[in-house]
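Listed below, chain by chain, are the residues.
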Amino acid sequence: MSRPDEDGLIHVGINNGSTQEISLRPGATKQFTHGEYEVSLRYGVGSSEPKVEIVIAGKPALVNRRVLQLDTVHTGITVGSWVAIQRPAKGAEDGIPGDAGLAFVTTQVVAVRTAAYTNYGITGRGTELTLADPWLDEFDVLLSHIRDTTVHAAGRRCAWPTSRSARRSTATGSNSRSCTTGWAPDAPSS
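For every chain, the first residue of the written sequence is number 1, and numbering continues from 1 onward in sequence order. This being a predicted model, a pLDDT of at least 70 is required before a residue's local features are given, and a value of 80 or more before pairs of side-chain atoms are given or counted; all residues contribute to the totals for chains, interfaces and linings. Only hydrogens and water are set aside; all other atoms, that is, all heavy atoms of the structure, feed into the side-chain values.

1. Here's the deal with the overall build of the chain
The secondary structure listing takes helices from DSSP runs of H or I that are at least 4 residues long and strands from runs of E that are at least 2 residues long, numbered from the N terminus. In terms of regular secondary structure, the chain is built from two helices and ten strands. For the chain, the accessible surface area stands at approximately 11,900 Å², while carbon and sulfur atoms represent 49% of it. Surface accessibility follows the Shrake-Rupley procedure with a 1.4 Å probe radius. Residue values consider only the protein chains on display as shielding.

Right, here's the structure in full:
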């Protein structure tokens, strides 16, 4: 890594079999693949000395892109349950790099287990879900990449009205029975 040049640019060289050099402007962030690693560079400003963060992380295995570890035990989630995963910054400009299609994923649970975790220096128990579809891609290698994640799961099925007039009265609020909790992906549209 170089000192800032006259334009404030720094140059970072990565040498691991092949050589790659990246230039960064103050305030810039870059993420790229180098061989079997994901590399994140951030050039922070605002203090007397420039701050450069370099993170080198291994890519998650393909099977692990379908594993979702929840922060506590959830007994209401079973095989065949639906989950909705929201990641607002995924694929957004200046957000988390990668496939924007992974910003909102709905998929089914194919396996569930209670597990003990020792991730990110924290030990605890939680529910581990194996999903039918991936919710991560090869760019998701840092905790900060999944920090904005919200998971909707273990919802209860709503008793949706079957007739068109009943659906209309429910939509306008004239039906005294409403179902506002839980989540069911196959609910009929009105």
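Additional details are given in the paragraphs that follow.
2. Side note on the layout of surface pockets
Once rolled over the atoms, a probe with the size of a water molecule shows which space is left empty. Here a cavity denotes a set of grid points, spaced 1 Å apart and computed over the protein atoms alone, in which a 1.4 Å probe fits but from which it cannot get out, and a pocket denotes an open set meeting protein on both sides within 12 Å along at least five of seven lines; residues with an atom within 4 Å of a point are reported as lining. Grid points are joined across faces, edges and corners, and a volume is the space filled by probe spheres set on the points. Each pocket or cavity is described by its volume, and for the second largest pocket that value is around 400 Å³. For the second largest pocket, the lining is made up of 16 residues, of which Thr29, Gln31, Gly95, Pro97 and His145 are closest to its centre. For the lining of the second largest pocket, the secondary structure elements donating two or more residues are strand 3 (29–34), strand 4 (37–44), strand 5 (51–58) and helix 1 (143–146). Residue classes in the lining of the second largest pocket are distributed as six nonpolar, six polar and four charged. Nonpolar residues are Ala, Val, Leu, Ile, Met, Phe, Trp, Tyr, Cys and Pro. Charged residues are Asp, Glu, Lys and Arg, and all others, Gly as well, are polar.

3. Let's talk about the sheet that holds strand 6 (residues 67–69)
In any sheet, the strands associate via hydrogen bonds between backbone groups, in a parallel or an antiparallel arrangement. In this analysis, strands are considered paired if DSSP registers two or more bridges between them. As summarised here, the arrangement of the five strands in space is 6-9-8-7-10, forming an open sheet in which the pairing is antiparallel. The open sheet is flanked by strand 6 and strand 10 (150–152), the only strands paired with a single partner. Along the sheet, successive strands turn relative to each other by an average axial angle of 40°, direction set aside. Where strand 7 (residues 82–86) meets strand 10, three bridges bridge the pair, whose relative direction is antiparallel. By the bridge assignment for strand 10, Ala84 is matched with His152. Think of each axis as a best-fit line through the C-alpha atoms, taken over the contacting stretch in the case of a helix, with angles from 0 to 180 degrees between the N-to-C directions.

4. Notes on the pairing of strand 4
Bridging between strand 3 and strand 4 involves six bridges; their strand directions are antiparallel. When the sheet's bridge partners are listed, Lys30 is paired in strand 4 with Leu41. Linking two consecutive strands that pair antiparallel, namely strand 3 and strand 4, is a turn of two residues; a positive phi of about 65° is found at Gly35 within it. Relative to strand 5, strand 4 runs antiparallel, the two sharing eight bridges. Bridge pairing in strand 5 links Gly44 to Lys51.

5. A look at the sheet that holds strand 5
Ordered in space as 3-4-5, the three strands form an open sheet in which the pairing is antiparallel. Only two strands of the sheet have a single neighbouring strand rather than two, namely strand 3 and strand 5. Across the sheet, the mean angle separating the axes of adjacent strands is 15° when strand polarity is ignored.

6. Describing the pattern of salt bridges
What counts as a salt bridge is simple: a side-chain nitrogen of Lys or Arg found within 4 Å of a carboxyl oxygen of Asp or Glu. Considering all chains together, one arrives at six salt bridges under this definition. A salt bridge links Arg65 to Glu138; its shortest N-O distance comes to 4.0 Å. Here Arg65, found in the loop between strand 5 and strand 6, pairs with Glu138, found in the loop between strand 9 (122–131) and helix 1; they are 73 residues apart in sequence, far enough to count as distant. Among the salt bridges present, the one from Arg113 reaches Glu128, with a minimum N-O distance of 2.9 Å. Of the two residues, Arg113 is situated in strand 8 (residues 104–119) and Glu128 in strand 9; the sequence distance between them amounts to 15 residues. Throughout, exposure labels follow a simple rule: accessible area from a 1.4 Å probe, protein chains only, divided by the maximum for the residue type, with under 20% read as buried, over 50% as exposed, and the rest as partly exposed. Exposure remark for Arg113: the relative accessible area of 46% places this residue in the partly exposed category.

7. Re the nonpolar core
One broad trend across soluble globular proteins is that nonpolar side chains are buried collectively. Within this scheme, the nonpolar core is defined by two criteria: the residues are buried Ala, Val, Leu, Ile, Met, Phe, Trp, Tyr or Cys, and they are joined through side-chain atoms within 4.5 Å. Among the nonpolar cores identified, the biggest contains twelve residues, and these are Leu68, Leu70, Ile77, Val83, Ile85, Leu102, Val105, Val109, Leu129, Leu131, Trp135 and Leu136. Listed by contribution, the elements that provide at least two residues to this core are strand 7, strand 8 and strand 9. We call two residues in contact when some of their heavy atoms are within 4.5 Å. Those residues in contact with Leu129 that lie beyond four places of it in its chain are Arg66, Val67, Leu68, Leu70, Ile77, Val83, Val109, Ala111 and Val112.

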